[in-house]
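# Observations on the three-dimensional arrangement
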Amino acid sequence: MTVRQAEMLLAAIIAARATSFMFSKILVGTMAPFNILAVRFLIAAGLLIVLFHRRLLKLDRRTLGCGAAMGGVFFASMALEMHALTGASSSTVSFLENTAIVLVPMAAALMARRRPAAPVAAACTVAMIGVGLLTAGGGSGGDTVPGVLFGLGSGAAYSAAILTTARLSQEGDPLTLGIVQVATMGLLALGASLVFEAPVLPTAPAEWGSLAALIVVCTGFGFTLQPVAQSRLSADVAGLLCALSPFVAAVLGAVFLGEAVTPCRLAGMALIAVAMLVASLPRGLTPRGLTPRAIGQRLRRPRPSRAVR
């Protein structure tokens, strides 16, 4: 897979996963958050194991550990996302979670022990103002302060997941890593549901329909193939592609869920969108050899089998 093909695949994955905000928002009205995640990821893991069982015969301890680590970080992001959806609209949660486009370049710069680029620092400031407007407009837009805070936490956890995947997706077969990641998320969700909730299986056809979309489109295609795409990309490039998600989620929420777009919320979303655009500027403005892609590559461990040139 070329880098361009990997970018196109990741863009398609992010757009597909953006539909999960709409389907999850529908489900949280009748099911508990951890319960939804457990059913979604355990069924998806079962289907993937059946489809790729021969590939899993080559699973080694290192791949298992890396996939489990990726699944643990992604589970934190998904858990915060589901709880955010109980107190905020799907479009708001998507915008907040995808502040990762600002946070990932900032974190990559800090991990590389260099000052964040001026546009990235400015983007963080603009994004925080946008978050403040989203919070201030919560009453009329249906968003609560806890919902916004959970959304911000989801964005931080999603940033960590992108960075973790960028590093660990080099440590084994990417598809196998993705299957282990999905299975780990399902097991963690089941454990949390047994501790904090009373898990049940869906009963209504609408619930199963939403879950089917989450399992096939958002999990089977999205989560499983993300390590495949990110194995050819740096963390900062993956973060920049996150910009697709909030716009897809906002359109779906307005069209299918009837979510209100108040002036205050619209202003907050616009500022976050501007922050995403500003954060992407360093990619084309930095000198050759100091691009965000090169910086992101430093977060990866070198492949042992690759000869030194």
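In what follows, the structure referred to is the one given above.
Parameters and conventions
Residues numbered from 1 in each chain as written. Predicted model: local features only at pLDDT ≥ 70, side-chain atom pairs only at ≥ 80, totals over all residues. Heavy atoms only, no water. Helix = DSSP H or I, 4+ residues; strand = E, 2+ residues; numbered from the N terminus. Contact = heavy atoms within 4.5 Å. Areas by Shrake-Rupley, 256 points an atom, 1.4 Å probe, with all protein chains shown as cover. Axes fitted to C-alpha atoms, helices over the stretch in contact; angles between N-to-C directions. Parallel < 35°, antiparallel > 145°, perpendicular 65-115°, else oblique. Left-handed = near helix turned anticlockwise from the far one by under 90°. Nonpolar A, V, L, I, M, F, W, Y, C, P; charged D, E, K, R; others polar. Polar contact = N/O pair within 3.5 Å; in protein donor to acceptor, adjacent residues only side chain to side chain. Salt bridge = Lys/Arg side-chain N within 4 Å of Asp/Glu carboxyl O. Core = buried A, V, L, I, M, F, W, Y, C linked by side-chain atoms within 4.5 Å. Buried < 20%, exposed > 50% of the residue type's maximum accessible area, 1.4 Å probe, protein only.

## Overview of the overall build of the protein
Check the secondary structure of the protein and you find 16 helices and zero strands. Put simply, of all contacts in the protein between residues at least 6 apart along the chain, 91% involve residues at least 24 apart. Within the structure as shown, the protein displays about 13400 Å² of accessible surface, and the carbon and sulfur contribution to it stands at 70%.

## Let's talk about the packing of helix α1 (residues 3-27) against helix α5 (residues 90-97)
The N-to-C vectors of α1 and α5 enclose an angle of 130°; their axes lie 9 Å apart at closest approach. The pairing of α1 with α5 is recorded here as oblique in orientation. Seen from above, α1 lies across α5 with right-handed handedness. Packed against α1, whose contacting residues are Phe21, Met22 and Lys25, the element α5 presents Ser90, Val93, Ser94 and Glu97 at the interface. Along the lines of polarity and charge, the residues of the contact of α1 with α5 split into three nonpolar, two polar and two charged.

## Examining the side chain of glutamate 97
Structurally, the position occupied by glutamate 97 is in helix α5. Separated by 2.8 Å, the side chains of glutamate 97 and serine 154 make a polar contact. Setting aside residues up to four positions removed in sequence, glutamate 97 forms contacts with Phe21, Ser77, Glu81, Gly151, Ser154, Gly155 and Tyr158.

## Describing the pattern of salt bridges
One pass over the structure, following the stated rule, counts one salt bridge. With a shortest N-O distance of 2.7 Å, aspartate 173 and arginine 55 are connected by a salt bridge. Taken together, the positions of aspartate 173 in the loop between α9 (145-168) and α10 (174-196) and arginine 55 in helix α3 (residues 53-56) put the pair 118 residues apart, joining distant regions of the chain.

## Focus: the nonpolar core
Within the largest apolar cluster, 54 residues are counted, with the highest numbers of intra-cluster contacts made by Ile36, Leu37, Phe41, Phe75, Val182, Met185 and Phe223. Those residues within four positions of leucine 37 in sequence are excluded, and the remaining contacts are Phe75, Met78, Ala79, Met82 and Ala189. Within the second largest apolar cluster, eight residues are counted, among which are Ile101, Val102, Met106 and Ala127.

## Observations regarding the environment of cysteine 66
Mapped onto the elements, cysteine 66 comes out in helix α4 (residues 61-85). Cysteine 66 sits in the buried class, given a relative accessible area of 8%. Separated by 105 residues in sequence, cysteine 66 and glutamate 171 place their C-alpha atoms 7.2 Å apart. In contact with cysteine 66, other than residues within four places in its own chain, are Leu168, Glu171 and Leu177.

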